[in-house]
Number of protein chains: 2
Amino acid sequence: MTDSSTTEPGSHCRGVCVIMAGGRGTRFWPLSRIDRPKQLQALASGRSLLRDTFERLEPLVGADRILVVTSGSLAEATRADLPELPPANVITEPVGRNTAPCAVLGMGVAGQLAPGAPVALLPADHFIPDDDLFRAQLAEAFAFAEARETVVTFGVTPDRPETGYGYLEADAGEDQGFRPGKAFVEKPDAVTAEGYVRSGNHFWNSGIFVWNSTWFSAQADRFIPAVTALMAPVITAFGTNSFTAALETAYRDCPADSIDFAVMEKLPGFYLQPARFRWSDLGAWDAWGDLAPELSDANRGQGDLIAVDSTDNVVRVPDRLVALVGIHDMIIVDTPDALLVCRKSEAQRIKDVIARLESGDRKDLL
Amino acid sequence: MTDSSTTEPGSHCRGVCVIMAGGRGTRFWPLSRIDRPKQLQALASGRSLLRDTFERLEPLVGADRILVVTSGSLAEATRADLPELPPANVITEPVGRNTAPCAVLGMGVAGQLAPGAPVALLPADHFIPDDDLFRAQLAEAFAFAEARETVVTFGVTPDRPETGYGYLEADAGEDQGFRPGKAFVEKPDAVTAEGYVRSGNHFWNSGIFVWNSTWFSAQADRFIPAVTALMAPVITAFGTNSFTAALETAYRDCPADSIDFAVMEKLPGFYLQPARFRWSDLGAWDAWGDLAPELSDANRGQGDLIAVDSTDNVVRVPDRLVALVGIHDMIIVDTPDALLVCRKSEAQRIKDVIARLESGDRKDLL
């Protein structure tokens, strides 16, 4: 481990970033696989989404102040993808226990690295092309959260009645551009979502949270004391030889829980920072297609395409020509050992393919 | 060249078979390519359609009495596919001139091989799974045609109102199971085709013709004298060193014409033999799918398929897993350098893909 003293004073802001990078990304099968899931795939640039995220953060806080929490099986690939990161800053969960243990551990280690500093908790696998705007707003959030006992969440102004996202509802008023939060809102139905687009008070929940790590720990102690009790010795052991053993012991007994449900939504209040940057959670292939270059006739994606009476398809066929005839609103994804053809409106049902592979002794393709 | 005296007396019947094997098979792109077109692909068995056709005929007439007419560029692949065939029996057209010159040349050479024998003219690329039944009926047709100045065509009893085939109309009466033909009928519209299915007098035109080669030559002299005049010296040169040069000279000047339009449909009469064997012209991928094994959920073809809410597709994906989600009535064909996804009802429009490849400097994929 290097520590913050190795970065030049004044070149970075005081925050720490914890990137959650342990997902499986099954909705991006057949590209996303267990040993190289969505966050390790190049879905927004020529680099992996994780590396995009790292490069977005590094100029603001420095590599030493970035922690990546992932699963043990991805440790090697993750470290190889981020060679600038101190190896110990890649924290590997021995088993998945949803996001609450991951957040408690990450925030706790962040508090060790920079006591009292503001900390951001971020997903590794989102699409945020406007890096400068993002960093500027993250710096604002760090400054805002450091001085207050609260959490700041980034809210994205909806441009369509999306029913696949959770929403944040803002209360009236604002404080230095931050709006007091009123409620976390579950995924709405289509009519409700139409109302949210018009309201001006509803935002997509980006899943990016910023807070003071000391205050977070107090909240976690209150809402998930079993988890914080198990993680405390692990956090203390960070940077020592006993870290891995402590991690194994703690995770073995740790309950699985979601940080959103177990902590966030129980907090007495929150602030919402309306994002000025573009954002997508890249939830599935259709979302990827919305952001990919147009190939021809409103067909989007990547590949050498001949489209005959074929429009509005999402194509990712990197290594061969693909010809479409009379095909509309489809997703076509080609990999060396598996090919997917999926109706866009059923992109979520790729999970049924995963289930068949799991039950059908085809784990080599997961 | 070997001649008929090398076959054991009595082991084979007296007929000669001329297989027309020069097609491009563009409707089977991306599998069918210029250097390995439909007839050289394994579309009905583990062997090529040409080889299936050869093996269907060989027990009846012997390899020496089978001639294959193809294009010059396919000579090597064709001979490699049929090593039992005397190499000279693969006749290669230097340029394509439609079917009339091919038929005149093939029938003429057949007459050289076995003067006065009945000759069958057959496409190389049809699906006829019932080899024994086929041979029995072909032997009957040989015997019938040898003694008469007429042509026998195989007619297939329609089991659906197919609008993609030409039909044969039979007159009343019959002679040893052969029905006198009334007319060659063009591809009908759907309503007319419904009537044909009910009539009992309409049959699909299989494109398989049997006649006495001497009589055929007289008819060709009458209807396409320019072609027969050009081909006469080529036929005479068969089996000599000057054959290839004669072929080049004749084809350079030969007009393109269809044997169906230029000769068949002008004949004073014909006989129709109702086929007892199953038959398909395998016109395009949808026809192939109708005959391919069921994989699951009325999805047919070849491949390792996972179908989620997906039915009635035609799949040929030999080398990787294919997962379909919400996909119906589609054709999916995968090859190492090109992938096709095509609505079944638009299978004929693959020709538009071919046109784009031809005009777009992608001739490597033709």
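Residues numbered from 1 in each chain as written. Chains lettered and ligands numbered in written order. Predicted model: local features only at pLDDT ≥ 70, side-chain atom pairs only at ≥ 80, totals over all residues.

Let's talk about the interface of chain A and chain B
- At the interface, 28 residues of chain A touch 28 residues of chain B.
- For the side of chain A that touches chain B, the element with the highest residue contribution is strand β12 (residues 314-325) of chain A, accounting for 7 residues.
- Of the residues that constitute the side of chain A that touches chain B, the class distribution is 18 nonpolar, 1 polar and 9 charged.
- Pairing of strand β14 (residues 338-343) of chain A with strand β12 (residues 314-325) of chain B, which is carried by 5 bridges, proceeds in the parallel orientation. For Ala 338 of chain A, the partnering residue across the bridge sits in β12 of chain B and is Leu 321 of chain B. (Contact = placed C-beta atoms within 7 Å. Helix = DSSP H or I, 4+ residues; strand = E, 2+ residues; numbered from the N terminus. Nonpolar A, V, L, I, M, F, W, Y, C, P; charged D, E, K, R; others polar. Pairing = 2+ DSSP bridges.)

Observations concerning the packing of helix α6 (residues 213-223) of chain B against helix α7 (residues 225-237) of chain B
Residue and element names in this part refer to chain B.
- At their nearest, the axes of α6 and α7 sit 5 Å apart, and the two run at 120° to each other. Relative to α7, the element α6 lies oblique. Two secondary-structure elements touch here, α6 through Ser 217, Ala 220 and Asp 221 and α7 through Pro 225, Val 227 and Thr 228.
- By residue class, the composition of the contact of α6 with α7 is 3 nonpolar, 2 polar and 1 charged. (Axes fitted to C-alpha atoms, helices over the stretch in contact; angles between N-to-C directions. Parallel < 35°, antiparallel > 145°, perpendicular 65-115°, else oblique.)

So, the relation of the copies chain A and chain B
- In the superposition of chain A on chain B (RMSD 0.1 Å, axial shift 0.1 Å), the rotation amounts to 179°. A rotation of that kind, with that shift, is consistent with a two-fold axis. Taking C-alpha positions as reference, the residue of chain A nearest the rotation axis is Val 341 of chain A, located at 4.3 Å.
- Taken as a fraction of all interface residues of chain A, those also at the interface in chain B reach 100%, which identifies the copy contact as same-surface. (Least-squares fit on C-alpha atoms with pLDDT ≥ 70 in both.)

A word on helix α1 (residues 49-61) of chain A
Residue and element names in this part refer to chain A.
- Taking 1.5 Å per residue as the helical rise, α1 with its 13 residues ought to reach 18 Å, and the 18 Å between its terminal C-alpha atoms agrees with that figure.
- Of the positions making up α1, those classed as buried are Leu 49, Leu 50, Asp 52, Thr 53, Phe 54, Arg 56, Leu 57, Leu 60 and Val 61.
- Among the residues trailing α1, Gly 62 stands out with phi positive, at a value near 85°. (Expected span 1.5 Å × (residues − 1). Buried ≥ 20, exposed ≤ 12 C-beta atoms within 10 Å, placed from the backbone.)

Let's talk about the domain arrangement of chain A
Residue and element names in this part refer to chain A.
- Partitioning chain A into structural domains gives domain 1 (4-274) and domain 2 (285-365).
- Here the C-alpha centroids of domain 1 and domain 2 sit 30 Å apart.
- Each partner contributes to the interface: domain 1 provides 8 residues, whereas domain 2 provides 14 residues. (Domains from an automatic or database assignment.)

Some points on the confidence of the model for chain A
Residue and element names in this part refer to chain A.
- Taken as a whole, chain A shows an average pLDDT of 93; of its residues, 97% reach a score of 70 or greater.
- pLDDT under 50 marks residues 1-9. Its contacts with residues more than four places away, or in other chains, come to 15 contacts.
- Confidence estimates for the predicted assembly give a pTM of 0.89 and an ipTM of 0.89. (pLDDT = per-residue confidence, 0-100.)

So, unusual backbone geometry
Residues and elements named next belong to chain A.
- Cis geometry marks the peptide bond from Trp 29 to Pro 30, where omega comes out at 10°.
- One can find Pro 30 in the loop between β1 (16-20) and α1.
- Unlike most non-glycine residues, Asp 297 shows phi in positive territory, near 50°.
- Secondary-structure assignment places Asp 297 in the loop between β10 (294-296) and β11 (299-308).
- Residue Asp 297 is classed as partly exposed on the basis of its C-beta count, with 16 C-beta atoms lying within 10 Å.
- The backbone of Asp 361 shows a phi angle near 60°, a positive value even though the residue is not glycine.

Some thoughts on the pairing of strand β13 (residues 330-334) of chain A
All names here are of chain A.
- For β13, the buried fraction is high: 5 of the 5 residues fall into the buried class.
- Burial along β13 is two-sided: Met 330, Ile 332 and Asp 334 facing one way and Ile 331 and Val 333 facing the other are all buried.
- Here 3 bridges tie β12 to β13, and the two strands are oriented parallel to one another. Its bridge partner lying in β13, Arg 316 is registered against Val 333.
- Note: β13 against β14, 5 bridges, orientation antiparallel. Across the sheet, residue Ile 331 finds its bridge partner in β14, namely Cys 342.

Observations concerning the environment of Pro 318 of chain A
All names here are of chain A.
- By secondary structure assignment, the location of Pro 318 is in strand β12.
- The class for Pro 318 is partly exposed, based on 15 C-beta atoms found within 10 Å.
- If we skip the residues at most four places from it in the chain, Pro 318 touches Gln 302 and Gly 303.

So, the environment of Ala 284 of chain A
Residues and elements named next belong to chain A.
- Mapping Ala 284 onto the fold places it in the loop between β9 (271-274) and α10 (285-291).
- A sequence separation of 258 residues divides Ala 284 from Thr 26, and the C-alpha atoms of the two residues are 8.8 Å apart.
- With sequence-adjacent residues up to four places away left out, Ala 284 is seen in contact with Arg 27, Ala 347 and Gln 348.

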